[in-house]
Every structure is written in C-alpha cells, then in structure tokens.
Amino acid sequence: FAEVYRACQRPYGRDVVLKVLRLDLDRDDRAIARFEREAKVIARLEHPHIVPLYHYDVTDDGRAYLVLRYMRGGTLGDLLKSGPLTNLQFERIFKQVASALDYAHSQGVIHRDIKPSNILLDEDGNAYLADFGLARLIEVSIDHSLQAPIIGTPLYASPEQLQDFKLDHRTDLYSLGVVLYHALT
C-alpha cells in the first residue's frame, strides 16, 4: 500500500522516511478530508516509543504522503532473523511496545497491524511502534462498494479482524501476543 523512501528533510538536514501511500484519493475531497483527519490523529500521538509523524500532505495529483522519523536500527523482524533475543532485549522491547500501545489505546487509536516489521529499533536497541494508523488510513480510502480486503497482516491478525468484525483495542493485544510468541519461539 505504500512506496517507502529514505530522504533528507530540508531545511533540517535530517534523515527521514517518506511513505507515498497508494490511496485512491484522485482529487476526491471527501477522501482527502478523511486522510487528513486520520493523519492528524496519528500526528498527535506523542509517545517515546511511537515513531513520530513529522509531516503529511496530499499532492495536486492526489498522492498522499507521510514524513516520519528514520530509525537506524532495523526492525524486530530483522533482529529475530539474527537469532534469539536475550532476556534483557525481550523484556525491554516488549515493555516499550506495550507502553506505546497502552498510550494509543488511551487516545482511542487502534494500530490494526502489529507485527515484527512494524516494530522499529533505534541504534541503542530501543523499540518504536511504526505505521501507527496506516491500516486505518488505507481502510478509509477503500471503495466500500467493493469487497473490502483484509486490513492488516493475516499471520498476526486477530480472528475478529480476519472476519471483518468491529474492532477495539483487544485486536492489537491479540496481535502483540502473537508477536511475543513468535519472539519467544
């Protein structure tokens, strides 16, 4: 649903991630308004373990994009491929991610796509939850007269998410549990 680039944000001279979303906005004022509404919610999520959204916009030709902090340490998925986590790594990473989820849920925001590749690491091994709300951004752009695709990653999605039921914060907790199991095994 997105093309991802490493970029330099001027005038700050900082490395960032530029995500160009493949949304069907096509100058549809209502779709653009929904995108902007959801992006504002994500931008307001200020927590030490949520990747910050620096900027968002829609180009004249209807392409939506997000500018996010660049994380130099890779993903939890990358780390798991290199071998088992130490007890200290495991405890640190999952406390930080759980804290980020707890905060987001207290703000009424559901992630909807918790998985190892959406848990990013900085150069010190701290964990950050990424792509917060992207599933929602994608969902609001879908033409609902068509059969809606599954939003999220099926391997980590809760049963109610796979069955297209109404979701609440428990869907993220289920997905985090699957990631915990994956990390432990």
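Cut-offs used in this document
Each chain carries its own residue numbering, running from 1 in the written order of its sequence. Given that this is a predicted model, residues contribute local features only at a pLDDT of at least 70 and side-chain atom pairs are listed and counted only at 80 or more, while totals for whole chains, interfaces and linings are drawn from all residues. Excluded from the side-chain calculation are hydrogens and water; included are all heavy atoms of the structure. A helix here means a DSSP run of H or I that spans at least four residues, while a strand means a run of E at least two residues long, and both kinds are numbered starting from the N terminus. Note on classification: 1.4 Å probe, protein chains only; a residue is buried when its accessible area is under 20% of the maximum for its type, exposed when over 50%, partly exposed between these limits. Contacts between residues were defined by any pair of non-hydrogen atoms, one from each residue, lying within 4.5 Å. In this description, accessible areas are obtained by the Shrake-Rupley approach with a 1.4 Å probe, and a residue is regarded as covered only by the protein chains that are shown. Pairing of aromatic rings covers Phe, Tyr and Trp, the last through its six-membered ring, and needs centres within 6.5 Å; plane angles under 30 degrees mean stacked, over 60 mean edge-to-face, and all others mean tilted. A ring has a charge above it when a Lys NZ or an Arg CZ is no more than 6 Å from the ring centre and no more than 35 degrees off the ring normal. In short, DSSP must find at least two bridges between two strands for them to pair. Lines fitted to the C-alpha atoms define the axes, with helices restricted to the stretch that makes contact. Angles between their N-to-C directions range from 0 to 180 degrees.

K.L.:
Explain the overall build of the protein chain here, please?
P.N.:
From N to C terminus, the protein chain includes six helices and six strands. Overall, the protein chain shows an N-to-C arrangement of helices and strands of β-β-α-β-β-α-α-β-β-α-α-α. Here the protein chain, with 185 residues, has 45% of them falling under the buried criterion. Put simply, 60% of the contacts in the protein chain that link residues at least 6 apart link residues at least 24 apart. As presented, the protein chain carries roughly 10,600 Å² of accessible surface, and 50% of it is formed by carbon and sulfur atoms.

K.L.:
What am I meant to see in the packing of aromatic side chains here?
P.N.:
The description of an aromatic ring pair rests on the distance of the ring centres and on the angle between the ring planes. Scanning the entire structure with this criterion turns up two aromatic pairs. When the centroid spacing of 6.3 Å and the interplanar angle of 80 degrees are considered together, the rings of Phe 35 and Tyr 56 count as edge-to-face. Within this pair, whereas Phe 35 is found in helix α1 (residues 29-43), its partner Tyr 56 is found in strand β3 (residues 53-58), the two being separated by 21 residues in sequence. Taking the relative accessible area as the measure of exposure, Phe 35 reaches 1% and is therefore buried. Ring geometry for Phe 90 and Phe 94: centres 4.8 Å apart, planes at 45 degrees, overall tilted. With Phe 90 and Phe 94 both in helix α3 (residues 87-106) and four residues apart, this pair spans about one turn of that helix. Here the guanidinium or amino end of Arg 14 rests over the ring plane of Tyr 12, the centre of that ring lying 4.8 Å away. If you follow Arg 14 out to its NZ or CZ, it ends over the ring of Tyr 54, 3.6 Å from the centre.

K.L.:
Just checking my understanding: could you explain the sheet that holds strand β4 (residues 64-69) for this structure?
P.N.:
Across a sheet, paired strands are connected by hydrogen bonds in the backbone, their directions being either parallel or antiparallel. Taken in spatial order, the four strands line up as β1-β2-β4-β3 in an open sheet, and their pairing is antiparallel. Edge strands, defined here as strands with exactly one partner in the open sheet, are β1 (2-9) and β3. Direction aside, the axes of adjacent strands within the sheet are offset by 20 degrees on average. Here strand β2 (residues 14-21) runs beside β4; their pairing, made up of six bridges, is antiparallel.

Geometric descriptors of this kind do not, in isolation, establish any biological role.
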